[in-house]
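Results of the structural survey
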Amino acid sequence: MQRSLKHIRLLATLLIALVLGLGSASTALAVQPGGITDEAHEMHDLFLIMLYFSIALFVIIASVLVYALIRYRRKNDELPKQVHGSNRIEILWTGIPIIIVIVLFTLSLITLASVEKKAEQNALTIEVTGFQYQWKFVYDLNDLGEGEFAEDGYITIIGTPANEPELVLPVDEVVEFNLKSTDVIHSFYVRDFLYKLDLIPGRINQFSVTPRETGVFRAQCAELCGVNHSLMRFTVRIVEREEFDIWIRETVKHLQQDQDNKKTVRVNEGKK
Amino acid sequence: MDWLTTVDHKKLGILYLWFTLFFFAVGGILAILVRTQLAVGENTFLANDAYNQIFTMHASAMLFLFIIPIWAGFGNYFVPLQIGALDMAFPRINALSFWMLPPAGLLMFAGFLVDGGAAAGGWTAYSPLSRQAGMGMDLWIMAVLLLGMSSTIGAANFLVTMFRMRAPGMTMFRMPIFTWTMLVTALLQLLATPVLAAALAMLFIDRNYGGAFFDPNGGGNVVLWQNVFWFYSHPAVYIMILPGMGIISEILPVFSRKPLFGYKAFVFATMGIGALGFSVWAHHMFTTGAVLLPFFGIMTFMIGVPTGVKIFNWLGTLWGGSISFKAPMLFALGFVSMFLIGGLNGTFSAAVPVDFALHDTYFVVAHIHYVLFGGSVFAVFAGMYYWFPKIWGRKLDERLGQLHFVFMFIGFNLAFFPMHLLGLDGMPRRIATYANESGWEPLNILSTVGAYIIAIGMIPFIINLVLAFRRPPDQPNDPWEGNTLEWATTSPPPVHNFDSIPPVKSERPLFDARQENTNMENH
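Values in this document were obtained by computation on a predicted structure and should not be read as measured data.

Attention shifts here to the overall build of chain A. Each helix and strand counted, chain A has 4 helices and 11 strands in total. Buried positions account for 49% of the 272 residues belonging to chain A. For chain A, long-range pairs separated by at least 24 residues make up 67% of all intrachain contacts whose partners lie at least 6 apart in sequence. Roughly 13300 Å² of accessible area belongs to chain A as shown, and the carbon and sulfur atoms make up 57% of that amount.

Written out as structure tokens, the structure reads:
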């Protein structure tokens, strides 16, 4: 009697752990931000499909496990029926997962093709260089997308760990990024883009996004790059087009006051 | 003295076990330091540099000095016993395999004493970061090379033993599942480890002799390192988990009193995982922009299929059984449930666009720990409780075992489940600290508490070991009603292993022998 009580208590513990696990698993739904770009929205949808599949599979399999543990716990010394297997069942539980993974793979392929689409020729293009241990963002004044600017030149923003740089983007426009590194591998990761891409010495990686929300978003390097890897943070500020144009004009004016050189360098004053 | 010169597979197996458990403790202490640092935002408990060394050495110790060699330890002890052999095929080479480990461990940890400290580039040692590092990196490279050599010759030894030294009647398809998983593991080691050795040699040349294999300025390619490294290290993940699956597949049938459901399907699924394991390496590189995404995506999804088959076969084994919840079984069931999560959360990264968000975040840290801790480490303890009576002739206490399990199960989930959520919330892995504004602190505190609970859970295990060794050996040949040949001999077995071997007519020779005895008694 006492023995079986102990088993039941143990099983109850397992059950509770299961419920707790499930509870926390479903909070994951709320945790991944839905993203702020067209591409992120698509990737988030795919994530949710994966999540629902996983939770469903987990619930089914874990329930079978818990049920089996309670139902088939040892009650006497009788030897249970010695079942060695069943080819039919093996084929079934090989076949069904194959179908599931092919479906999921196809869905992922569709999303991939869509988010990897190349930006149009005249999109706003920003060159991002990672270095130990900060970021350099370069805007080409001839390459500002929908805005027009009369002069040639560049705006260069170089961050330091103490003065984290800010990347300013216009909302509702395609932005293309060219990623480079001069020392080790870094990774450009903006949580709310639901995206990251590595900056690799010796190659240029490109991607483009279309932000749909204004606001300030935190971001940081996602590939271990040395001692101060954790300090390679920056922020992304997404603003309306008019505000973006004003920002460009003011920044350029500010720079021209400092120096005549067309190729201008400006160290960001840090977070606003 | 005898222990230093022994070529007996059982003694070498015991040496492996103690050596690897020692590094499990070392790696565990490093993990506690990591979790202490991350408990709160902007923490200054560890400097950035120290943090990078400590998490790198945590992973290196756990993977290279604990998990991979502990399977060689269990394998050393039990493969010859399970197939009814006298010893391994090459006992001296076997001793050599073991004795490469202590110098490797010393070399790797000597990094803490040299200028610049221990390796700090993560266990993945990505170039160019690993080209910049100090001398600790060279020590690390040499240590991993030594360990690689040890596991390569060990693998050859296991394969020859299994192919040539099986007892009469022990056909390949009657070999115990643990032995089968060791076979596939040995194949993976034999095929993949030399690639790692080549990669390490290239890195060493780049660092010390002006080579440019991974330097674009000299005509090299940065991403090449990742390709060769993961060509080994992805199969290595299966090297780290397959023998654990084998142990679970020994324990579930014994404590359900049924044969393993779908023995052959299980063997083929193991081979399937081994084969597919060579075609998925670049799923670690989806965000490099330098790999063929759809190919590695589909292969990674596909590897979920044989993995699923294994889980279903374990459920099929439990179904209709007569299940008793002894300590080995508790850990085995812990394995099944945690590995289920580790399998499911792994498929997220197979969906390339989802991986763009999850890669290099704490979600991935959660995944590997659900596989390697919830999976492999639970299997290690399942194996310890299960085979302890055979190796040392004494039984570990059930009550302390249950306590150990409960602490580990709760601590484990508390430590690692929140990491999923942290990763989804954008916390990158391998950061020494995080901003207070990030909002990551509450979940990190939870995770750190979990890590401490795991550490506390080791206390009943250690007490259990001490108490067991203070008792005289009293265990019969077969305390659990086992199925496989190791239970046919005394506990512990004599130097020559068997006085007589029962006839082998199925994959469960001992079950057959017990049935025959009851039949004879009934007549």
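Let's pick the thread back up.
Looking now at the pairing of strand β2 (residues 134-140) of chain A. All names here are of chain A. Of all 7 residues making up β2, 5 are buried, and the element is well covered by its neighbours. Two elements, strand β1 (residues 124-131) and β2, share 6 bridges in a ladder whose sense is antiparallel. The residue of β2 that forms the bridge with Gly 130 is Trp 135. The hairpin formed by β1 and β2 contains 2 residues between the paired strands. For β2 and strand β3 (residues 154-158), the ladder comprises 5 bridges, and the chain directions are antiparallel. Its bridge partner lying in β3, Lys 136 is registered against Ile 158.

Our focus in this paragraph is the side chain of Thr 124 of chain B. Residues and elements named next belong to chain B. Here Thr 124 lies in the loop between α5 (101-110) and α6 (129-132). What makes Thr 124 buried here is its relative accessible area of 4%. With residues near it in sequence (within four places) discarded, Thr 124 still touches Trp 225, Phe 229, Trp 230 and Arg 430.

Note: interface size is frequently given as the accessible area lost on complex formation between the parts. In this assembly, 93 residues from chain B lie in contact with 89 residues from chain A. Between the two partners, chain B and chain A, sit 2 salt bridges. Viewed at the interface, chain A and chain B are joined by 18 residue pairs in polar contact (both at pLDDT 80 or more). Of all the elements, helix α11 (residues 293-318) of chain B adds the most residues to the side of chain B that touches chain A, at 13 residues.

Turning our attention to a nonpolar patch on the surface. A cluster of nonpolar side chains, contributed by Ile 60, Val 64 and Tyr 67 of chain A together with Trp 319 of chain B, occupies part of the molecular surface with about 380 Å² of accessible area. Turning to its location among the elements, Ile 60 of chain A is positioned in helix α2 (residues 38-71).

With that settled, the discussion passes to the pattern of salt bridges. Taken as a whole and assessed by the stated rule, the structure comprises 20 salt bridges over all chains. The shortest N-O distance in the salt bridge between Glu 437 of chain B and Arg 218 of chain A comes to 3.7 Å. Residue Glu 437 of chain B is found in the loop between α15 (398-424) and α16 (441-470), and its partner Arg 218 of chain A is found in strand β9 (residues 215-221); the two belong to separate chains. Owing to a relative accessible area of 51%, Glu 437 of chain B belongs among the exposed residues under this scheme. Accessibility expressed as a relative area gives 31% for Arg 218 of chain A, which makes it partly exposed. Residues joined by salt bridges that share partners form a network here, namely Asp 38, Asp 172 and Arg 212 of chain A.

On to helix α3 (residues 87-115) of chain A, then. Helix length check: α3 of chain A, at 29 residues, gives a terminal C-alpha distance of 42 Å against a target of 42 Å (1.5 Å per residue), a fit within 8%. For α3 of chain A, the set of buried residues is Glu 90, Trp 93, Pro 97, Val 101, Leu 104, Phe 105, Ser 108, Thr 111, Leu 112, Ser 114 and Val 115 of chain A. Looking at the buried positions of α3 of chain A, the neighbouring elements they touch are α2 of chain A together with α10 (263-276), α11 and α13 (352-358) of chain B.

All names here are of chain B. Among the secondary structure elements, Leu 38 is positioned in helix α2 (residues 9-38). Of the residues examined, Leu 38 reaches a relative accessible area of 0% and is grouped as buried. Linking Leu 38 and Asn 48, residues 10 residues apart in sequence, is a C-alpha distance of 11 Å. Residue contacts for Leu 38: discarding those within four places in its chain leaves Tyr 51, Tyr 362, Met 427, Ile 431, Ala 432, Tyr 434 and Asn 444.

So, on to the packing of α15 of chain B against α16 of chain B. All names here are of chain B. Axis separation between α15 and α16 bottoms out at 7 Å; the angle between their running directions is 160°. Relative to α16, α15 is oriented roughly antiparallel. The two elements α15 and α16 meet at a crossing, and its hand is left-handed. In terms of residue class, the contact of α15 with α16 is built from 24 nonpolar, 8 polar and no charged.

Take empty space enclosed by the protein next. All names here are of chain B. On inspection of all chains with the given rule, the structure shows 4 cavities of 30 Å³ or more. The wall of the largest cavity is formed by 20 residues, among which Ile 68, Pro 69, Leu 147, Ser 151 and Gln 189 lie closest to the centre. Every element with two or more residues in the lining of the largest cavity is listed here: α3 (48-82), α7 (135-164) and α8 (177-208). The class makeup of the residues in the lining of the largest cavity is 14 nonpolar, 6 polar and no charged.

Let's shift gears to the environment of Tyr 386 of chain B. Residues and elements named next belong to chain B. Relative to the elements of secondary structure, Tyr 386 occurs in helix α14 (residues 362-392). By relative accessible area, which is 0% here, Tyr 386 ends up buried. Separated by 91 residues in sequence, Tyr 386 and Phe 295 have C-alpha atoms that sit 41 Å apart.

Residue and element names in this part refer to chain A. Strand order in the open sheet formed by 5 strands is β4-β10-β9-β6-β7, with mixed pairing between adjacent strands. A strand with exactly one partner marks an edge of an open sheet, and here the two such strands are β4 (166-170) and β7 (195-199). This sheet shows a mean twist of 25° between the axes of neighbouring strands, independent of strand direction. Taken together, the 5 bridges between β4 and strand β10 (residues 233-239) define a ladder with parallel strand orientation. Among the inter-strand pairings, Glu 166 is bridged to a residue of β10, identified as Thr 235.

With that settled, the discussion passes to the nonpolar core. For soluble globular proteins, the rule of thumb is that nonpolar side chains tend to be buried together. Membership of the largest hydrophobic core comes to 265 residues, with the highest contact counts inside it found for Tyr 139, Phe 177, Phe 188 and Phe 193 of chain A together with Phe 74, Trp 140 and Trp 314 of chain B. Ignoring anything within four residues of it in the chain, the contact list for Phe 74 of chain B reads Leu 17, Val 79, Phe 178, Ile 247, Val 380, Gly 383, Met 384 and Trp 387 of chain B.

Looking now at the environment of Ala 162 of chain A. Residue and element names in this part refer to chain A. Position of Ala 162 among the secondary structure elements: in the loop between β3 and β4. Residue Ala 162 is classed as exposed on the basis of its relative accessible area, which comes to 72%. Separated by 71 residues in sequence, Ala 162 and Arg 233 have C-alpha atoms that sit 9.7 Å apart.

Scanning the model with the defined rule gives 77 aromatic pairs over all chains in all. A ring pair is formed by Phe 388 of chain B and Trp 392 of chain B, whose centres lie 4.8 Å apart and whose planes are at 40°; its orientation type is tilted. Of this pair, Phe 388 of chain B and Trp 392 of chain B are both found in helix α14, 4 residues apart, which corresponds to roughly one turn of the helix. When sorted by exposure, Phe 388 of chain B lands in the same class as Trp 392 of chain B, which is buried. Here the guanidinium or amino end of Lys 196 of chain A rests over the ring plane of Tyr 189 of chain A, the centre of that ring lying 4.0 Å away. Here the basic side chain of Lys 395 of chain B rests over the ring of Trp 480 of chain B, its NZ or CZ set 4.5 Å away from the ring centre.

Residue and element names in this part refer to chain B. The geometry of α11 relative to helix α12 (residues 327-350) is characterised by a closest axis approach of 10 Å and an angle of 155° between their N-to-C directions. With respect to α12, the element α11 is oriented roughly antiparallel. Considering the relative orientation of α11 and α12, their crossing is left-handed. Between α11 and α12, the residues in contact are Gly 297, Thr 300, Phe 301, Thr 307, Ile 311, Trp 314 and Leu 318 and Met 329, Leu 333, Phe 335, Val 336, Phe 339, Leu 340, Thr 347 and Ala 350, respectively. When grouped by side-chain class, the residues that make up the contact of α11 with α12 number 11 nonpolar, 4 polar and no charged.

What counts and how
- Per chain, the residues get numbers from 1 upward, laid out in the order the sequence is written.
- Chain letters and ligand numbers both follow the written order, the letters beginning at A and the numbers at 1.
- The model is predicted, so local features are restricted to residues of pLDDT at least 70 and side-chain atom pairs to those at 80 or more, both for listing and for counting; the totals for chains, interfaces and linings are taken over all residues.
- Working from all heavy atoms in the structure, the side-chain values ignore hydrogens and water.
- Counting from the N terminus, the helices are the DSSP runs of H or I reaching at least four residues and the strands are the DSSP runs of E reaching at least two.
- Each residue gets one of three labels from its accessible area relative to the maximum for its type: buried under 20%, exposed over 50%, partly exposed in between, using a 1.4 Å probe on protein chains only.
- Residues count as neighbours in contact if any of their non-hydrogen atoms are within 4.5 Å of one another.
- For every accessible area listed, the method is Shrake-Rupley and the probe measures 1.4 Å; residues are considered covered only by the protein chains on display.
- Paired strands are those between which DSSP finds at least two bridges.
- Here a salt bridge means any side-chain nitrogen of Lys or Arg lying within 4 Å of a carboxyl oxygen belonging to Asp or Glu.
- Pairing of N or O atoms within 3.5 Å defines a polar contact, subject to two protein rules: one partner must be a possible hydrogen donor and the other a possible acceptor, and residues neighboring in sequence count only if both atoms are side-chain atoms.
- Excluding any residue in a salt bridge, patches collect residues exceeding 30% relative accessible area, merging like charges within 9 Å and nonpolar Val, Leu, Ile, Met, Phe, Trp and Tyr side chains within 5 Å.
- For a helix, the expected span equals 1.5 Å multiplied by the residue count minus one.
- Every axis in this analysis is a line fitted to C-alpha atoms, fitted for helices over the stretch in contact. Angles between the N-to-C directions lie between 0 and 180 degrees.
- Put simply, angles under 35 degrees are roughly parallel, angles over 145 are roughly antiparallel, angles from 65 to 115 are roughly perpendicular, and the rest are oblique.
- Here a crossing is called left-handed whenever its near helix is offset anticlockwise from the far helix by less than a right angle, and right-handed whenever the offset is clockwise.
- Three classes are used, and their members are as follows: Ala, Val, Leu, Ile, Met, Phe, Trp, Tyr, Cys and Pro are nonpolar, Asp, Glu, Lys and Arg are charged, and the others, Gly among them, are polar.
- Here a cavity means grid points, on a 1 Å grid over the protein atoms only, where a 1.4 Å probe fits yet cannot get out; a pocket means an open set of points with protein on both sides within 12 Å along at least five of seven lines; lining residues are those with an atom within 4 Å of a point.
- Grid points are joined across faces, edges and corners, and a volume is the space filled by probe spheres set on the points.
- Within this scheme, the nonpolar core is defined by two criteria: the residues are buried Ala, Val, Leu, Ile, Met, Phe, Trp, Tyr or Cys, and they are joined through side-chain atoms within 4.5 Å.
- Pairing of aromatic side chains requires ring centres within 6.5 Å, counting the rings of Phe and Tyr and the six-membered ring of Trp. Pairs whose planes differ by under 30 degrees are stacked, by over 60 edge-to-face, and all others tilted.
- In this analysis the charged atom, NZ for Lys or CZ for Arg, is taken to sit over a ring once it is within 6 Å of the ring centre and within 35 degrees of the ring normal.

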